[in-house]
Amino acid sequence: MKTVKVNLQKRSYNIHIKTDLLPESGKYIKELNIGKKIFIITDKNTAKLYYTTVKKSLIKEGFEVHKFTLNPGEHLKSFVNIVKLSNKILPLLPDRNSTIIALGGGVIGDLSGFLASLILRGINLIQIPTTLLSQVDSSVGGKTGINTNYGKNLIGTFYQPRLVLIDPKTLQTLPDREFLCGYVETVKYALINNYKFFEYLDNNKSKIKNKNLNFLTDIIQTAISSKAEIVAQDETEKTGTRALLNLGHTFGHALEKEVDYSDLIKHGEAVAIGIILAAKFSYKLGFCDKTIITQIETHFKSFDIPVSAKEIIYDWNINNLFNNMLSDKKNQNGQIAFILFKNIGQTFLARNITHNNIYDFLESVFYPS
């Protein structure tokens, strides 16, 4: 088993990564010395595959298990579901030593984490991510949130889990499209500050496509170690270091909002396109060489990951995209913040870009002359 520790003083926790970890999940959860009541929040697809395994393991260790199953989809991240789940959990008389387990992907993790931070002003949270996106990204670091009409994850908290349990074997049942969405977030860590990791991924495409479990365990550990280090330096995104983890997200979230968070474009696909746009914008502003755009595009294309918004919809409304970016969480004093490239493995936070520069760039990309 591989273990990564997120060092946050009293809020530090372990991330365990191991094939066939789910049948042993109860053993590791018992080591936390938490209360007997556990509330598992999951979606219907995940529940069919993994709920029984986790439940049996928990009951074996003496826990009292309650299950709450939701329909899958980004729409889950809403105040409506926070209220519905609260009204189901509170009659079961949780105390502050009770625990919510998020069993599923990033949507379940974000919703469950937010709920755990609210009930009784905070009960235990355990993340058991079952998608690659949630395993390498959203389950680690303590960001929780729901969506609103004004943008994605604009309501939320920083609330760290007590434990994260990752079983790479769950990726074998993941649809290819979902797997590749998670892979984009894996590549993101390489692009931020680890060129050698990018080379490693680029040289092992066949192992990634074949979902080789040993290789996946290795890259999950590498990605998580990178995130854990950044989170330890800037837990609540105050210094700008943690903002680097949003590479591709300023453009990506704008695209997602424009299609109303529908399956027309998945989060990982939006981030991939957002990364390419960030590279093109960096080049246009004179921060990097044009060759890095080609390198990243070539890598994504080899997995059939979209690299242009026009592959999703040909005609986008750039006024809407620009306005969507104005609600990005990294923004300050009306300035839109971007994570930009100096090179692959060298990124930085830029806040001093004029609105005219941004709009001109959008016009050049979406309405080329």
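Residues numbered from 1 in each chain as written. Predicted model: local features only at pLDDT ≥ 70, side-chain atom pairs only at ≥ 80, totals over all residues. Heavy atoms only, no water.

Draft legend 1. Structural context of the nonpolar core. With 81 residues, the main nonpolar core has I15, F300 and F341 as its most contacted residues. Ranked by the residues each element gives to this core, the list is headed by helix α11 (residues 267-284), at 10 residues. Formed by 21 residues, the second largest nonpolar core is a distinct cluster that contains L22, I34, V65 and L163. (Core = buried A, V, L, I, M, F, W, Y, C linked by side-chain atoms within 4.5 Å. Buried < 20%, exposed > 50% of the residue type's maximum accessible area, 1.4 Å probe, protein only. Helix = DSSP H or I, 4+ residues; strand = E, 2+ residues; numbered from the N terminus.)

Draft legend 2. Main features of the pattern of salt bridges. Within the structure shown, the criterion is met by 19 salt bridges. We note a salt bridge from K143 to E237, for which the minimum N-O separation is 2.7 Å. With K143 in the loop between α5 (132-138) and β7 (146-148) and E237 in the loop between α9 (213-233) and α10 (249-258), the pair connects residues that are 94 residues apart, well separated along the chain. Using a relative accessible area of 28% as the deciding quantity, one classes K143 as partly exposed. Between K205 and D202 there is a salt bridge, with its nearest N and O atoms 3.2 Å apart. The exposure class assigned to D202 is partly exposed, which follows from its relative accessible area of 28%. One connected set of salt bridges, linked through shared partners, spans E74, K77, D110, K152 and E256. (Salt bridge = Lys/Arg side-chain N within 4 Å of Asp/Glu carboxyl O.)

Draft legend 3. The layout of surface pockets, seen in detail. In this structure, the second largest pocket encloses a volume near 210 Å³. A class-by-class count of the residues in the lining of the second largest pocket yields five nonpolar, three polar and four charged. (1 Å grid on protein atoms, 1.4 Å probe; cavity = no way out; pocket = protein on both sides within 12 Å on 5 of 7 lines; lining within 4 Å. Points joined across faces, edges and corners; volume = space filled by probe spheres on them. Nonpolar A, V, L, I, M, F, W, Y, C, P; charged D, E, K, R; others polar.)

Draft legend 4. Structural view of the packing of aromatic side chains. What the rule picks out here adds up to 11 aromatic pairs. A connected cluster of aromatic rings, assembled from ring pairs, spans F251, F281, F338 and F361. The ring of F63 is capped by K36, whose NZ or CZ atom sits 5.7 Å from the centre of that ring. (Phe/Tyr/Trp six-rings, centres within 6.5 Å; stacked < 30°, edge-to-face > 60°. Lys NZ or Arg CZ within 6 Å of the ring centre and 35° of its normal.)

Draft legend 5. Inspection of the environment of F114 at higher detail. Within the fold, F114 resides in helix α4 (residues 106-118). Here the alpha-carbon distance between F114 and G142, two residues 28 residues apart in the chain, equals 9.4 Å. Ignoring anything within four residues of it in the chain, the contact list for F114 reads F79, I82, T144, G145, I146, I155, G156 and T157. (Contact = heavy atoms within 4.5 Å.)

Draft legend 6. Molecular detail of helix α2 (residues 44-60). Between the first and last C-alpha of α2 there are 23 Å, a value that for 17 residues agrees with the 24 Å anticipated at 1.5 Å per step. Looking at α2, one finds that the buried residues are T46, A47, Y50, Y51, V54, S57 and L58. Structurally, α2 contributes buried residues whose contacts are with α1 (25-30), β3 (37-43), β4 (64-70), β5 (99-104) and β6 (124-129). For α2, the N-terminal capping position is held by D43, with its side-chain oxygen 3.0 Å away from the main-chain nitrogen of N45. Count one or two residues on from α2 and you reach G62, which has phi positive near 90 degrees. (Expected span 1.5 Å × (residues − 1). Polar contact = N/O pair within 3.5 Å; in protein donor to acceptor, adjacent residues only side chain to side chain.)

Draft legend 7. Summary view of the environment of Y314. Its place among the elements puts Y314 in the loop between α12 (291-301) and α13 (318-325). A sequence separation of 52 residues divides Y314 from F366, and the C-alpha atoms of the two residues are 8.6 Å apart.

Draft legend 8. Broad picture of the sheet that holds strand β9 (residues 163-166). Strand order across the open sheet formed by seven strands is β1-β2-β9-β6-β5-β3-β4, with mixed pairing between neighbours. On the outer flanks of this sheet lie β1 (2-6) and β4, each paired with one strand and no other. Across the sheet, the axes of successive neighbouring strands diverge by a mean angle of 15 degrees, strand direction being ignored. Pairing geometry for β1 and strand β2 (residues 13-17), over five bridges, is antiparallel. Within β2, the residue paired with K5 across the bridge is N14. (Pairing = 2+ DSSP bridges. Axes fitted to C-alpha atoms, helices over the stretch in contact; angles between N-to-C directions.)

Draft legend 9. Spatial organisation of empty space enclosed by the protein. As enumerated under the stated definition, the model contains five cavities of 30 Å³ or more in all. Mapped by element, the contributors of at least two residues to the lining of the largest cavity are β8 (151-155), α10 and α13. Taken together, the residues of the lining of the largest cavity sort by class into five nonpolar, five polar and four charged.

Draft legend 10. Here's a closer look at the pairing of β5. Of all six residues that make up β5, six are buried, and the element is covered over most of its length. The sheet contact formed by β3 and β5 spans five bridges and is parallel. What sits directly across from I38, in β5, is T99. Pairing geometry for β5 and β6, over six bridges, is parallel. From the neighbouring strand, T99 faces β6, where its bridge partner is N124. Once you follow β5 into α4 and on to β6, the crossover reads as right-handed. (Right-handed = clockwise from strand over helix to strand, strands pointing away.)

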